[in-house]
Structure formats: structure tokens, C-alpha cells
Amino acid sequence: MKFIDEANINVIAGDGGDGSASMRREKFIPFGGPDGGDGGHGGNVYAVADRNINTLIDYHYTKKYQARNGKDGRGSDCYGKKGDNITLRMPVGTVITDIDTNEVIADLTKHNQRMLLAKGAVGGLGNLHFKSSTNRAPRKKTEGKLGERRILKLELKVLADVGLLGMPNAGKSTFITAVSNAKPKIANYPFTTLAPNLGVVRIGPEKSFVVADLPGLIGGAAEGAGLGHQFLRHLQRSGILLHIVDLIPFDDGVDPVMEASAIVNELRKYDEALYRKPRWLVLNKIDMSPKNEREARVTDFVERFGWHGPMFQVSALTGLGCKNLCYAVYAYLLKTGLAERGAA
Ligand SMILES: Nc1nc2c(ncn2[C@@H]2O[C@H](COP(=O)(O)OP(=O)(O)OP(=O)(O)O)[C@@H](O)[C@H]2O)c(=O)[nH]1
Ligand SMILES: [Mg+2]
């Protein structure tokens, strides 16, 4: 199924039904008095998080969601029926913003979490409310109000403790396959991954964290190159980014330092906060380099890239170094208090 992580929708809550101005008319009961009931309240529009849904595709195709209006009140003390509510099911991780006010009205982070998006209006009052000692036959009634209407932006931002970042073919999907239960497509051509894949990394009993594998990013993504850069939103909730670099590119003309710099550049262009998020360097494909050359390559990379942060050497293909990295990530997440959040 196509993955969609952004959509704008209209939600319209139900109008209230009108109150009734009816007089009781029955045989043998003269001057029966007012008996007009109230209008029913309009239905509400709710959102609920559902872990079985992982795309906003439904909202890409259907844009308008309207709850039922309340029914009008009628004579014989009949109150109008309340309009039915509607509930929109969305993926866990959906952020809902009111486009007019820019206010975030819901952040669905837990399965079954339910939020009100638009409130149904109250129904009007029937004339039986307006009876008084001085007016025993009121004709007065009120009309139902209009239901709330909102234009909403839905944005899915996956919930993961760790986000994978890197060029196409760097080995992100191979890495998540090596360390977690995820089984994404892996292939020797760029842009194999088109949508985020989530995987749970189990370190031990009750010890786990969630990793998100993302599409590849390239220089110029902010201007639309490759798959663009919008998917970087899926890194915004993670506690740490692993920047996966192909240390031994197949093509001799490709410089891993230039590639890695391009990624950092794009990250910064997308979001300064994302750029400042803790980021570790993961030099991948070390199985491709003979042991005696490896150290020199790594040193050269680190020097030219000007890297001073945490750095790991791995082979996602053979698994070399991957466990160590995962232990370090888990320890870091524990220290920063994030591990309980992502691990389900
Ligand atoms: N030798 C070797 N090959 C690797 C390693 N990691 C990944 N590969 C290969 O590199 C190619 C690309 O791997 P992917 O995991 O699909 O790369 P990706 O970063 O997910 O790429 P996109 O989804 O296109 O962004 C595949 O042919 C993998 O088998 C590694 O550690 N060593
Ligand atoms: Mg991939």
C-alpha cells in the first residue's frame, strides 16, 4: 500500500437541531400549553490512534468528514435525536494541527488514544422552556447552533528511539535487518526504501528499543532531489540519530567524506533542531576493506570529516560490530530516559 504521511482534511461537527414551538392539542384538553421539545445536539468528530494503521492514505483521498446534525425537536414533548459522532482512525504518531490557528490540537502517541477534533453544537430550546406565570402559551423557541468546523493538517511522525540516516545504498535497511525484527527490502540500487520501516531491537529480557529505517537522503534534497527531504520528519521524535556511511563505496570516484557532509548539510537545511540532535557516526561495510587498510581509511575519514563525536565501525552484512553498537545505544537511551517510550 502507498505510504502517505501528510494530509489536510476538513472536519465538520453536527449542527444542533432547532427547538420546537408546539402547543398541546388534544380532545377535552383546552389550553394544553406548550409541548415543543428541544433540538438534539450535533455529533462530535473524534480522532483515535490505531496501531494497526500505518499510513494516512485514507485522508489523502477523502478530505471531508462530517458528523450528523441533531434532529429538530417536535410537539408532544419530543426531543430531537442527538446526531451520531464520527471517529477517524489514524496511525499512532499522527500530529494534528489546526491550519487556521497553527495550534497542535492532538498528538496521538498511544494506541486507542482518543481526541476531540470538532465539537457538535447544542440543540435549540423548545417552547416548553419558556412557560412562565405571565406567559402560559409561549411561542418562543431557539434554533440549534452551528457545529464546529476546522481545517486540519495531519502529519505522521513515527515513534522510534533511534533514527537511521544516510545516503541511498549506505546499508540502512541491511543494518535494521541485522539488529531488529524488521524485514525491509534490501537491494543494490538507490532508493530501495520508500517509506519508514520500524524494528524492535531486543537487547535482553524487558530491554528493547525501536529503530526507524528511512529512505536515502542525497545532496539537494531540500530542493527536491531524490525523494526530497520531507521524510526527515520521522526522525524528529527519536532520541538519537545513527548516521550510516558507506565507507567503501563501490565507485572509486565517490568520496565518503563528501557524501557524509552532504547529509549533514541537508539535515541542517531541514531543521536546525534535528541537526543538533545527538548523532553518532556509523562507518559501514568494513568487511569490504582488508584489515591492514581499514585503520588508515577510518582515520582518514574521521580527520577529513572533522568528526569528534561517537563513532562505530560495523558490517551490517556480516553483523560485525552491530551488537556493540546496539548495547551502546541502549545504554545511552537508558541514561537519557528514552528507552521506556519507544519500546512497546
Ligand atoms: N559488503 C557489504 N555490503 C553491504 C553492507 N551493508 C549493506 N550492503 C549492501 O549494500 C546494498 C544496499 O543496502 P541497503 O541496506 O538496501 O541500503 P539502504 O541504505 O537501505 O539504501 P536505500 O533504501 O536505497 O536508501 C545492498 O546490496 C546490501 O547488500 C555491508 O556491511 N557490507
Ligand atoms: Mg533501504
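Residues numbered from 1 in each chain as written. Chains lettered and ligands numbered in written order. Predicted model: local features only at pLDDT ≥ 70, side-chain atom pairs only at ≥ 80, totals over all residues. Heavy atoms only, no water.

Draft legend 1. Main features of the site of ligand 1. Lining the immediate surroundings of ligand 1 are 24 residues, of which Lys-172, Thr-174, Phe-191, Thr-193 and Asp-287 lie closest. Measuring from an oxygen atom of ligand 1, one finds a side-chain N or O atom of Lys-172 at 2.7 Å. Protein contact buries 91% of the 650 Å² of open area that ligand 1 shows by itself. Taking a 2 Å distance to the grid points as the criterion, the majority of the atoms of ligand 1 fall inside the second largest pocket. (Near = heavy atom within 4 Å. Polar contact = N/O pair within 3.5 Å; in protein donor to acceptor, adjacent residues only side chain to side chain. Areas by Shrake-Rupley, 256 points an atom, 1.4 Å probe, with all protein chains shown as cover. 1 Å grid on protein atoms, 1.4 Å probe; cavity = no way out; pocket = protein on both sides within 12 Å on 5 of 7 lines; lining within 4 Å. Sits in = over half its atoms within 2 Å of the grid points.)

Draft legend 2. Broad picture of the domain arrangement of the chain. Assigned domains of the chain: these are domain 1 (6-156) and domain 2 (162-341). Taking only C-alpha atoms, the centre of domain 1 and the centre of domain 2 are 48 Å apart. (Domains from an automatic or database assignment.)

Draft legend 3. Region of interest: the coordination of the magnesium ion (ligand 2). Within the first shell, the magnesium ion (ligand 2) binds the protein through Ser-173 (OG) and Thr-193 (OG1), at distances of 2.0 to 2.1 Å. Residue Ser-173 is found in helix 2 (residues 172-179), and its partner Thr-193 is found in the loop between helix 2 and strand 10 (197-204); the two are separated by 20 residues along the sequence. Judged by relative accessible area, which is 9%, Ser-173 ranks as buried. (Donors = N, O, S within 2.8 Å, 3.2 Å for Na, K, Ca; no water. Helix = DSSP H or I, 4+ residues; strand = E, 2+ residues; numbered from the N terminus. Buried < 20%, exposed > 50% of the residue type's maximum accessible area, 1.4 Å probe, protein only.)

Draft legend 4. Expanded view of the nonpolar core. Membership of the largest hydrophobic core comes to 26 residues, with the highest contact counts inside it found for Val-162, Phe-175, Phe-209, Leu-242, Trp-280, Leu-325 and Val-329. For Leu-242, the residues in contact, after removing those within four places along its chain, are Val-162, Gly-163, Leu-164, Leu-165, Phe-175, Trp-280, Val-282, Leu-325 and Val-329. (Core = buried A, V, L, I, M, F, W, Y, C linked by side-chain atoms within 4.5 Å. Contact = heavy atoms within 4.5 Å.)

Draft legend 5. Representation of the layout of surface pockets. Of the pockets and cavities examined, the second largest pocket occupies roughly 820 Å³. Every residue lining the second largest pocket is counted, 41 residues in all, and those nearest its centre are Asn-169, Ala-170, Gly-171, Asp-246 and Lys-285. Breaking the lining of the second largest pocket down by element, the ones donating at least two residues are helix 2, strand 12 (240-246) and helix 3 (256-270). Considered class by class, the residues forming the lining of the second largest pocket number 22 nonpolar, 11 polar and eight charged. (Points joined across faces, edges and corners; volume = space filled by probe spheres on them. Nonpolar A, V, L, I, M, F, W, Y, C, P; charged D, E, K, R; others polar.)

Draft legend 6. Inspection of the packing of aromatic side chains at higher detail. For the structure shown, the criterion picks out six aromatic pairs. Seen from their ring centres, Trp-280 and Tyr-332 are 5.5 Å apart, and the 70° between their planes marks the pair as edge-to-face. Of the two residues, Trp-280 is situated in strand 13 (residues 279-284) and Tyr-332 in helix 6 (residues 322-336); the sequence distance between them amounts to 52 residues. Residue Trp-280 shares its accessibility class with Tyr-332, and that shared class is buried. Taking 5.3 Å as the distance between ring centres and 45° as the angle between the ring planes, the aromatic pair formed by Phe-301 and Phe-305 counts as tilted. Here Phe-305 and Phe-301 lie together in helix 5 (residues 291-305), a separation of four residues that amounts to about one turn. The burial state of Phe-301 is the same as that of Phe-305; both residues are buried. Each member of the aromatic cluster is reached from another via a ring pair, and the members are Trp-280, Phe-312 and Tyr-332. Over the face of the ring belonging to Tyr-46 we find Arg-114, whose NZ or CZ atom lies 4.1 Å from the ring centre. (Phe/Tyr/Trp six-rings, centres within 6.5 Å; stacked < 30°, edge-to-face > 60°. Lys NZ or Arg CZ within 6 Å of the ring centre and 35° of its normal.)

Draft legend 7. Seen up close, the pattern of salt bridges. For the structure on display, the rule yields 15 salt bridges. A salt bridge links Glu-155 to Arg-233, with the nearest nitrogen and oxygen atoms 3.6 Å apart. Taken together, the residues Glu-155 in strand 8 (residues 149-156) and Arg-233 in the loop between strand 11 (207-213) and strand 12 connect sequence positions 78 residues apart. Assessed through its relative accessible area of 13%, Glu-155 is described here as buried. By relative accessible area, Arg-233 is classed as buried at 1%. (Salt bridge = Lys/Arg side-chain N within 4 Å of Asp/Glu carboxyl O.)

Draft legend 8. Geometry of the environment of Gly-120. Mapped onto the fold, Gly-120 is located in the loop between strand 7 (114-118) and strand 8. Residues Gly-120 and Lys-131, spaced 11 residues apart in sequence, show a C-alpha to C-alpha distance of 27 Å. Setting aside anything within four residues of it in sequence, one finds Gly-120 in contact with Ala-13, Gly-14, Gly-42, Gly-43 and Asn-44.

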